[in-house]
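# Fold and contact review
As a plain string of letters, each chain reads:
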Amino acid sequence: MDQSTPADDDAVITTADVAKVASLARLRLEPDELDRFTHQLADILGHAADIEALDLDDVEPMARPVPLENVLRADVPGPTFDRDAVLSQAPAAEDGQFRVPPVLGEAP
Amino acid sequence: MSSDARSLAASVRSGERSAVDVLEEHLSRIDEREGDVHAFNLVTAESARAEAADVDARVAAGEDPGPLAGVPVALKDNLCTDGVPTTCSSRILEGWCPPYDATVVTRLAAAGAVAVGKTNLDEFAMGSSTENSAFGPTRNPHDLTRVPGGSSGGSAAAVAAGFSAISLGSDTGGSIRQPAALCGVVGVKPTYGLVSRLGLVAFGSSLDQIGPFTTTVADAALVCEVIGGHDPGDSTSLPQAFPSVSDHLDDGVDGLRVGIITEMMGEGISPDVAARVRAAADALAAAGATVEEVSIPALTFGLSAYYLVAPAEASSNLARYDGVRYGNRVDAPTAGEMMEATRTAGFGDEVKRRIMLGTYALSAGYYDAFYGKALKVRTLIRNDFDAAYERFDALISPTSPTTAFAFGDKTADPLQMYLNDVCTIPTNLAGHPAMSLPFGVGDDGLPVGVQVLAPALGEVAMFRVASVLESSLASSGPVAS
Amino acid sequence: MTVAGVDEERWEVVIGLEVHAELSTRTKLFSAATNEFGGEPNTHIDALTLGLPGSLPVLNEHAVELAIRVGLALNCEVRRSVFARKNYFYPDQPKNYQISQFDLPINAEGWLELPSGQIAGIERAHLEEDTGKSTHVGGGGRIHDAQYSLVDLNRAGVPLLEIVGKPDLRSPDEARAYVSELRAVLVAVGASDGKMEEGSMRVDCNVSVRPRGAEEFGTRCEIKNINSLRSLGRAIEYEAARQVDLITAGDRVVQETRHWNEEDGRTHTLRSKEGADDYRYFPDPDLVVLDPDPEWIERVRAALPPLPAARRAVLVDRLGATREQAALLVERELDALCLATVEAGAEPVRTLTHAEHNLSDDRARDLDPAAFASLVSMELDGELTATQAKTVLAELVEHGGDPVAIAADKGFEAMDSSELDSLVDGLIADHPDEWQRFCEGDGKITGFFVGKVMKATQGKADGKVVTGLLNARKG
Ligand SMILES: [Mg+2]
Ligand SMILES: [Zn+2]
């Protein structure tokens, strides 16, 4: 399956990459969409090339902007939802459970 | 008659006006113009009337319904409201009713505010024009051919059109400040952690903050004080009250040091917008502040970092919309195909684009080059800001590079749309507060917003600067267009 | 140390275990919904359990405390840790990401001492949330033929500790010993009930084989769905033999996840690991860094109960127990009784022997150490025979009481030695042929004389004493 066509000459992302991330994200793309999204993502990533060039080896990453640590909750039960109310919002339910089409394969 | 929140609440608390009367006045404005503006996904007139009647009953009983007694408020439709549909302007959540209120919604109600409806937004708050709503765009009340900005376009337009005295939005990369600027109202993004995110439908969790739209700086201060403060239900909530900004609105800026951010005054910024920022700088200097230009070099990397961090978090935050437990489903023969069909049909293009971008930035082999690098750039930006804040108490800049633009102007090119947020994004990356307030109009006669930025928890200085700008504008009279 | 079907001379089996233990908290890891096994489906659910929009996680302090207890019990370093999101879509995973710990786990670099004395390395023991449960309806419950599936989220969000062992185990026996020792530790510190059959302890097993003497590990397969210690041993044996067969036939082992099927006794391919998974781990922005205060860690350490390995060591050091005795007695929770009995004056060897052989009843733990000690002394003083002592001991376990009174009640009194002497002399006189054979060294005939003595004394004689008397007369 070689569908890897670069968006530009020095593309940062190919249609094969986009097809892969779409599948990881559970999105289906029509061929024209694949092409369009690839060009758009290549543009955006192309803009991000400015930070790719930075040497940041000694810089700590900042995953969150608060300086908090050890935010903990006492192990005390709180309210739970009424099951019928919850299931009434579900697309499909049966026997007190969420019903889904057959699952192929087990969880990783 | 003054229709700012403080005046309305004062008249309701004193019994001078009834909350029902205040509400009806706003509902009639909605009746008149909502068809043109489309600020709302849902107007909750009936429950609002009941809430207003309750406020009146409490006043009659000699109780104090709170500092926002009878003040009509519009809520961005990504804030959970108990039993009231919350859509994020997305097909995928259409019809879903949360079983709980967001903390900010609870706090507004406890302060006596009356919720009039849920406002339109770019789907899942992804956009800068409210054109990405699955339920059609919102129009700018100042010019119906122009966008209101985004993503909180509906909330900005609601206040600008007088549909509600105040509204709430969420700001991940400028989604409160930019539409506030484009609609000519005040908009605040508080310090990250000062306002609980519990019940805000997540977009970029480390960037999202809830904040108000108001017509005055004093109202913005009041609403921040009401909705802010510690919430044990949000692990990233700071264990402190919102700084008491209202007490300092009249402190002036004498002796404050204010910097104009060089990187936000040059290329890409419309000259008429830059001119209003210089006018604001002059006003502050006249009021006794020291005003100087300051260069913060790392800010130029803000856009790149933001468009990796926010989509990365979003790609994970939006994974839960899969057709299993709530929201819409598109059926298919297997669970995996059902999820894919549901998400493919349920999300619009901009949401898909960001999910894919974020998935890519996090995926094996690219994490270090993209997401990991972007987190380090956040550190650079925060450090550069911190260095600037050693010399300055607050900074100013344009909020948006231009005034409100026309529908369709930027929809074809996502990158052009993203460039709208170049002035607002860095504060989200740093977790700092910033606000936008109207400061005259541009060459096209449309509102221009000036952004006031401050260090983490520097809200008092930020509001002092904003307050001085607001009164200087009022005393200088209307700005010629 | 044998692996059925594998030529042990030529091949070495390498095993590393990943154990998921559900922590015994009242609520879930990140929300206040109740953590309870069983119950009506979807009754222990709140906003976070459902993955509702706007819901946020807040970490359960007690789950952290239990994780620290286990970490310390496993000799780990308790570290500053970060929660990360592991992204993958699955219907019983409400947010479609699991909050887990990735590069910075709370516990790292520890070890577990097995009853044999073997040290098994622990790589890490990290906190994470459990998924819900899917039931596959139609097609006989088999996942591949199901018509549809039902999802119950009661288990979603339950706190798990994932304990990742180093590949230090070399046989099914060692693997089983590791799991049962780990279970004993988890139960001892109150972290988990360790019930494999209820799924509160789940074992994934990495197996590889390599030519004996080779330095490098072979390609490993991960085996899931192991529900008992017995399945663990069987699965390893099957998988090791399968891999050796593949390599011997000139094929290669493919790294993959395999599923143990209890019915056919085989492992089956679940999916290939090569390039398929991309979990896109990143730090969860909804949670902050967890960095337990050193004082907290020390408080937890000080409150830890004695652990199985230490308890075994006490039996060996103080009472002179063998490793096997120590392992058995600690497993049966009889170590405290033995120590108290010896403390009360009993001779250790005899005490241990009784505990090992005659106290398998669960009620034996509640035995009065003083009574047990007095029984041991009576026996060693010759007031009771071994057989009588065993009978009295059983009575003590059953009803309690005073061993002296019980012995008297049963008519057990020590045989007068002169009485026994004359009895033995009489038997020798009556049975000259048998005596001749005994003197010629026919060991089997001993029982003949002992039996006659026992019959004549109604079991009151001590068999060993009788044998001694016979030998003394042989000259
Ligand atoms: Mg694992
Ligand atoms: Zn795990």
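The rules behind each value
Residues numbered from 1 in each chain as written. Chains lettered and ligands numbered in written order. Predicted model: local features only at pLDDT ≥ 70, side-chain atom pairs only at ≥ 80, totals over all residues. Heavy atoms only, no water. Donors = N, O, S within 2.8 Å, 3.2 Å for Na, K, Ca; no water. Helix = DSSP H or I, 4+ residues; strand = E, 2+ residues; numbered from the N terminus. Buried < 20%, exposed > 50% of the residue type's maximum accessible area, 1.4 Å probe, protein only. Phe/Tyr/Trp six-rings, centres within 6.5 Å; stacked < 30°, edge-to-face > 60°. Lys NZ or Arg CZ within 6 Å of the ring centre and 35° of its normal. Pairing = 2+ DSSP bridges. Expected span 1.5 Å × (residues − 1). Arc of directions from axis to C-beta. Salt bridge = Lys/Arg side-chain N within 4 Å of Asp/Glu carboxyl O. Contact = heavy atoms within 4.5 Å. Buried area = accessible area lost by both parts, 1.4 Å probe. Polar contact = N/O pair within 3.5 Å; in protein donor to acceptor, adjacent residues only side chain to side chain. Nonpolar A, V, L, I, M, F, W, Y, C, P; charged D, E, K, R; others polar. Domains from an automatic or database assignment. Core = buried A, V, L, I, M, F, W, Y, C linked by side-chain atoms within 4.5 Å. Axes fitted to C-alpha atoms, helices over the stretch in contact; angles between N-to-C directions. Parallel < 35°, antiparallel > 145°, perpendicular 65-115°, else oblique. Left-handed = near helix turned anticlockwise from the far one by under 90°. pLDDT = per-residue confidence, 0-100.

### Digging into the coordination of the magnesium ion (ligand 1)
All names here are of chain C. Around the magnesium ion (ligand 1), the protein contributes the donor atoms E18 (OE) and E162 (OE), at 2.5 to 2.6 Å from the metal centre. A spacing of 4.2 Å is found between the magnesium ion (ligand 1) and the zinc ion (ligand 2), which share E162 as a donor. A residue pair is termed long-range when its members are at least 10 positions apart, and E18 in strand β1 (residues 11-22) and E162 in strand β10 (residues 159-165) qualify at 144 residues. On the basis of relative accessibility, which here comes to 10%, the residue E162 falls in the buried class.

### Remarks on the packing of aromatic side chains
According to the stated counting rule, one finds 22 aromatic pairs over all chains in the structure shown. Relative to F282 of chain C, the ring of Y371 of chain B has its centre 5.6 Å away and its plane inclined at 75°; by these criteria the two rings are edge-to-face. One end of the pair, Y371 of chain B, is in helix α12 (residues 368-391); the other, F282 of chain C, is in strand β15 (residues 282-283), on a second chain. Note on Y371 of chain B: relative accessible area 0%, which makes it buried. The residue whose ring lies beneath K474 of chain C is F438 of chain C, and the NZ or CZ to ring-centre distance is 5.5 Å.

### Comments concerning the sheet that holds strand β5 (residues 97-101) of chain C
Residue and element names in this part refer to chain C. Pairing in this open sheet of three strands is antiparallel, and the strands run β5-β4-β15 from one edge to the other. Of all strands in the sheet, those bounded by a partner on one side alone are β5 and β15. Bridge analysis of strand β4 (residues 83-87) against β15 gives two bridges, and the strand direction is antiparallel. Each bridged residue has a counterpart across the sheet, and for R85 the counterpart in β15 is F282.

### Considerations on the coordination of the zinc ion (ligand 2)
For the zinc ion (ligand 2), the protein coordination sphere consists of H20 of chain C (NE2), E128 of chain C (OE) and E162 of chain C (OE), at 1.9 to 2.1 Å. Positions of the donor residues of the zinc ion (ligand 2), expressed as sequence spacing, correspond to H-x107-E-x33-E.

### Concerning helix α6 (residues 308-319) of chain C
In an α-helix there are 3.6 residues to a turn, and that puts residues three or four apart on one side. Residues and elements named next belong to chain C. Here α6 contains twelve residues, and its C-alpha end-to-end distance of 16 Å stays within 8% of the 16 Å for a straight helix at 1.5 Å per residue. For α6, the full list of buried residues reads P308, R311, R312, L315 and L319. End-on view of α6: buried residues confined to an arc of 100°, all on one side of the axis. Pointing more than 90 degrees away from the buried face of α6 are the exposed residues D317 and R318.

### Brief notes about unusual backbone geometry
Omega for the peptide link from G150 of chain B to S151 of chain B comes to 5°, which places this bond in the cis form. Considering the arrangement of structural elements, one finds S151 of chain B in the loop between β3 (114-119) and α5 (153-160). Its identity as a non-glycine residue notwithstanding, N70 of chain A has a phi of 50°, on the positive side. Its place among the elements puts N70 of chain A in the loop between α3 (49-52) and β1 (72-73). Positive phi outside glycine occurs at N42 of chain C, with the angle close to 55°. With respect to the helices and strands, N42 of chain C occurs in the loop between β1 and α1 (47-50). Residue N42 of chain C is classed as buried on the basis of its relative accessible area, which comes to 0%.

### A closer look at the pattern of salt bridges
The final tally for this structure, using the stated rule, is 58 salt bridges over all chains. Between D21 of chain B and R17 of chain B there is a salt bridge whose closest N-O contact spans 3.2 Å. For E222 of chain C, the salt bridge is made with K224 of chain C, and the minimal N-O distance between the two is 3.8 Å. You'll find E222 of chain C and K224 of chain C in the same group, each marked buried. Put simply, R197 and D234 of chain B together with R85, D284 and D286 of chain C are held in one network by salt bridges that share partners.

### Some details on the interface of chain B and chain C
The figure often quoted for interface size is the accessible area lost as the parts come together. Facing 38 residues of chain B, the contacting portion of chain C comprises 29 residues. For the chain B face of the interface with chain C, the top three residues by lost area are S235, R320 and R325 of chain B, together amounting to 23%. At the junction of chain B and chain C, the tally comes to one salt bridge. At the boundary of chain B with chain C, the tally comes to 17 residue pairs in polar contact (both at pLDDT 80 or more). The set of elements that each furnish at least two residues to the side of chain B that touches chain C consists of α9 (302-317), α10 (335-346) and α11 (349-362) of chain B. No other element matches the four residues that α9 of chain B contributes to the side of chain B that touches chain C. Across the side of chain B that touches chain C, the residue classes break down as 21 nonpolar, ten polar and seven charged.

### Quick notes on the domain arrangement of chain C
Residue and element names in this part refer to chain C. We note that the domain assignment places domain 1 (11-302), domain 2 (308-409) and domain 3 (417-474) within chain C. Distance between the C-alpha centres of domain 1 and domain 2: 39 Å. Taken together, the nine residues of domain 1 in the interface contact five residues of domain 2. Across the domain 1/domain 2 interface, buried area totals approximately 500 Å², and carbon plus sulfur atoms make up 53% of it.

### What to know about the nonpolar core
Judged by nonpolar contacts, the single largest core of 200 residues is most densely connected at L68, L108, F124, I396, F463, V465 and L469 of chain B. Sequence-distant contacts of F463 of chain B, that is, excluding residues within four places in its chain, are made with V188, V217, A220, A221, C224, V245, L249 and M435 of chain B. Among the nonpolar cores identified, the runner-up in size contains 66 residues, and V19, L114, L186 and M196 of chain C belong to it.

### Some remarks on the sheet that holds strand β2 (residues 93-94) of chain A
Strand order in the open sheet formed by four strands is β2(A)-β3(A)-β9(C)-β8(C), and the pairing between neighbours is antiparallel. A strand with exactly one partner marks an edge of an open sheet, and here the two such strands are β2 of chain A together with β8 (133-137) of chain C. When β8 of chain C meets strand β9 (residues 148-152) of chain C, the two strands line up antiparallel, connected through five bridges. Across the sheet, residue S134 of chain C finds its bridge partner in β9 of chain C, namely V151 of chain C.

### Notes on the packing of helix α8 (residues 335-343) of chain C against helix α9 (residues 348-358) of chain C
Residue and element names in this part refer to chain C. Where α8 meets α9, the axes come as close as 10 Å, and the angle between the chain directions of the two elements is 150°. Between α8 and α9, the angle falls in the class roughly antiparallel. With respect to the hand of their crossing, α8 and α9 are arranged in right-handed fashion. Residues C338, T341 and V342 of α8 form the contact with α9, whose own contacting residues are P348, T351, L352 and A355. Residue composition of the contact of α8 with α9, by class: five nonpolar, two polar and no charged.

### What to know about the confidence of the model for chain A
Averaged over all residues, the pLDDT of chain A equals 88, while 90% of them reach at least 70. The low-confidence segment residues 1-9 of chain A, where pLDDT is below 50, has 14 contacts with residues more than four positions distant or belonging to other chains.

### Comments concerning the environment of D322 of chain B
Inspection of the secondary structure assignment puts D322 of chain B in the loop between α9 and α10. By relative accessible area, D322 of chain B is classed as buried at 1%. Setting aside residues no more than four positions away along its own chain, D322 of chain B makes contact with M338, M339 and T342 of chain B together with N96 of chain C. Of note is the side chain of D322 of chain B, whose polar atom sits 3.0 Å from the backbone nitrogen of V324 of chain B. At 2.9 Å, the side chain of D322 of chain B forms a polar contact with the side chain of N96 of chain C.

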